[in-house]
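# Structural characterization, general
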Amino acid sequence: AWLCQHLWEHYLFGLDVEFLRRRAWPILRGAAEFLLDFLVEAPPGTPVAGRLVTAPSHSPENSFVAADGRPSMFTYAATMDLEITHELFTACIAAEGVLAAAGQGDAEFRGRLETALERLPPLQVSPRTGALQEWVADYEETEPQHRHVSHLFGLHPGRQITPRGTPELTEAIRRTLLRRGDESTGWSRAWKVNAWARLEDGEHAWRIFQGLLAHGTYPNLFDSHPPFQIDGNFGGAAGVAEMLLQSHAGELALLPALPAAWPAGVARGLRARGGLTVDLRWADGVLEHAVLVAIAAGTHRIRPPHGQTL
């Protein structure tokens, strides 16, 4: 289901309907059908009784203190599962709409997805910490600064959580990141760069990016997670792009997380969802010039940098 996101993103950036119909849609649909079959109804007496959940479930490589006081990894409806399921079902609903416009939709399947989407448990904020719960219950973490931030998938690379769309969950994620800390393995730092960029905090994103280069990168520029993981290299580059341009929230955000350390600069050839290529130029922290080239006709909502108007 996570890998399916790449197929949908490929369509969003390129708007190739033939690719969507022939290559992406069969895989997207197959993954969604699997999840529709895999989801079960949470039983009475549980925190999300009657909701559709994954079971068994876990949050990758992290553990919590179970009711008997012992560490455990397995439960049901881990937050990352819910976010990935939400992302897949939302993508499939949108894809069906595109195909329906071409006379190749499936309204019955879309309806099943919409019904299941409404029955997923809501994401939870911990009353103890104010952070986003990683599991369906407010378990205590065995390792509060664990390198994984899997339950932040809904912020990045997902689109379920955004500063203006879900401010309460956005604040919960900010608290989560502060609790986890900035120091970690190279790839983990890269993920945090992207998360802080999505929170539109350029200073924090820049601080972690510096740490990624200084402490998470070998002299040959390979990401240091002994012996090597490419996630930190790709993720670090993606984080820089997210600081300069974002297009996941139904709008094109220009310089959404520009740090003071980059007072002037030029970016060329950045890609945005909706079939756009974007060039930017800024000086003294102010956007001076932007060129948008579209591969298809359409209407785009543009958000200027903080404190600026277009």
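Look up: the structure comes first, before these words.
Below is a short write-up of the structure. (Residues numbered from 1 in each chain as written. Predicted model: local features only at pLDDT ≥ 70, side-chain atom pairs only at ≥ 80, totals over all residues. Heavy atoms only, no water.)

### Points about the overall build of the protein
- Scanning the protein from N- to C-terminus turns up eight helices and 13 strands.
- A compact globule built from 310 residues would reach a C-alpha radius of gyration of about 19 Å, and the protein, at 20 Å, matches this within 12%.
- Principal-axis analysis of the C-alpha atoms places the extent of the protein at approximately 60 × 50 × 40 Å.
- Each charge sign in the protein was given a centre, from 27 positive and 35 negative side chains, and these centres are 2 Å apart. (Helix = DSSP H or I, 4+ residues; strand = E, 2+ residues; numbered from the N terminus. Rg over C-alpha atoms; globule rule 2.2 N^0.38 Å. Lys, Arg positive; Asp, Glu negative; His and termini not counted. Charge placed at Lys NZ, Arg CZ, Asp CG, Glu CD.)

### Describing a nonpolar patch on the surface
- On the surface, F222, F228, I230 and F234 cluster together into a nonpolar patch covering about 390 Å² of accessible area.
- Summarising the element assignment, I230 is placed in the loop between α7 (202–215) and α8 (231–244). (Patch = residues over 30% accessible without salt bridge, like charges linked within 9 Å, V, L, I, M, F, W, Y side chains within 5 Å. Areas by Shrake-Rupley, 256 points an atom, 1.4 Å probe, with all protein chains shown as cover. Salt bridge = Lys/Arg side-chain N within 4 Å of Asp/Glu carboxyl O.)

### A word on helix α4 (residues 107–118)
- Compared with the 16 Å implied by 1.5 Å per residue over 12 residues, the 17 Å span of α4 between its first and last C-alpha is a close match.
- Looking at α4, one finds that the buried residues are F109, L113, A116 and L117. Within α4, the buried residues cover an arc of 105 degrees as seen down the axis, which keeps them to one side. Residues A107, E108 and E118 are exposed on α4 and point more than 90 degrees away from its buried face. (Expected span 1.5 Å × (residues − 1). Buried < 20%, exposed > 50% of the residue type's maximum accessible area, 1.4 Å probe, protein only. Arc of directions from axis to C-beta.)

### Points about the packing of α7 against α8
- Look at α7 against α8: their axes get within 11 Å of each other, and the N-to-C directions meet at 155 degrees. Considering the angle they form, α7 stands roughly antiparallel to α8. For α7 against α8, the interelement crossing comes out left-handed. Of the residues in α8, those touching α7 at G202, A205, W206, F209 and L212 are G232, G236, V240 and M243.
- A per-class count over the contact of α7 with α8 returns six nonpolar, three polar and no charged. (Axes fitted to C-alpha atoms, helices over the stretch in contact; angles between N-to-C directions. Parallel < 35°, antiparallel > 145°, perpendicular 65-115°, else oblique. Left-handed = near helix turned anticlockwise from the far one by under 90°. Contact = heavy atoms within 4.5 Å. Nonpolar A, V, L, I, M, F, W, Y, C, P; charged D, E, K, R; others polar.)

### Looking at the pattern of salt bridges
- All chains considered together, the criterion is met by 25 salt bridges.
- Notably, a salt bridge pairs E18 with R21, separated by 2.7 Å at the nearest N-O pair. Within this pair, E18 and its partner R21 are both found in helix α2 (residues 17–38), separated by three residues, close to a single helical turn.
- Residue classification places R21 among the partly exposed residues on the basis of a relative accessible area of 30%.
- The shortest N-O distance in the salt bridge between E33 and R29 comes to 3.1 Å.

### Section: the pairing of strand β11 (residues 276–283)
- Of the two faces of β11, only one is covered, namely that formed by L276, V278, L280 and W282; the face formed by T277, D279, R281 and A283 stays uncovered.
- The pairing of strand β10 (residues 265–272) with β11 spans six bridges and is classified as antiparallel. For R271, the partnering residue across the bridge sits in β11 and is T277.
- Here eight bridges tie β11 to strand β12 (residues 286–294), and the two strands are oriented antiparallel to one another. When the bridges of β12 are listed, A283 appears paired with V286.
- What sits between the antiparallel neighbours β11 and β12 is a turn of two residues, in which D284 has the positive phi angle 55 degrees. (Pairing = 2+ DSSP bridges.)

### Here's the deal with helix α6 (residues 186–198)
- For α6, which comprises 13 residues, the first-to-last C-alpha distance of 19 Å matches the rise-based estimate of 18 Å (1.5 Å per residue) to within 8%.
- The buried fraction of α6 amounts to 13 of the 13 residues, a majority that puts the element mostly inside the structure.
- E200 sits one or two residues past α6 and shows a positive phi near 65 degrees.

### Description of the sheet that holds strand β13 (residues 302–303)
- Reading across from one edge, β8-β9-β13 is the order of the three strands in this open sheet, with mixed pairing throughout. The open sheet has two edge strands with one neighbour each: β8 (245–246) and β13.

### Description of the packing of aromatic side chains
- Following the criterion strictly, the structure yields 11 aromatic pairs and no others.
- Where W2 meets W191, the ring centres are 6.2 Å apart and the plane angle is 50 degrees; that geometry is what we call tilted. Highlighted residues: W2 in helix α1 (residues 2–14) and W191 in helix α6, separated in sequence by 189 residues.
- By relative accessible area, which is 34% here, W2 ends up partly exposed.
- Classification of W191 by relative accessible area gives buried; the value is 13%.
- Taking the centre distance of 5.3 Å and the plane angle of 25 degrees together, the rings of W8 and Y11 count as stacked. With W8 and Y11 both in helix α1 and three residues apart, this pair spans about one turn of that helix. Accessibility classification places W8 together with Y11 in one group, the buried group. (Phe/Tyr/Trp six-rings, centres within 6.5 Å; stacked < 30°, edge-to-face > 60°.)

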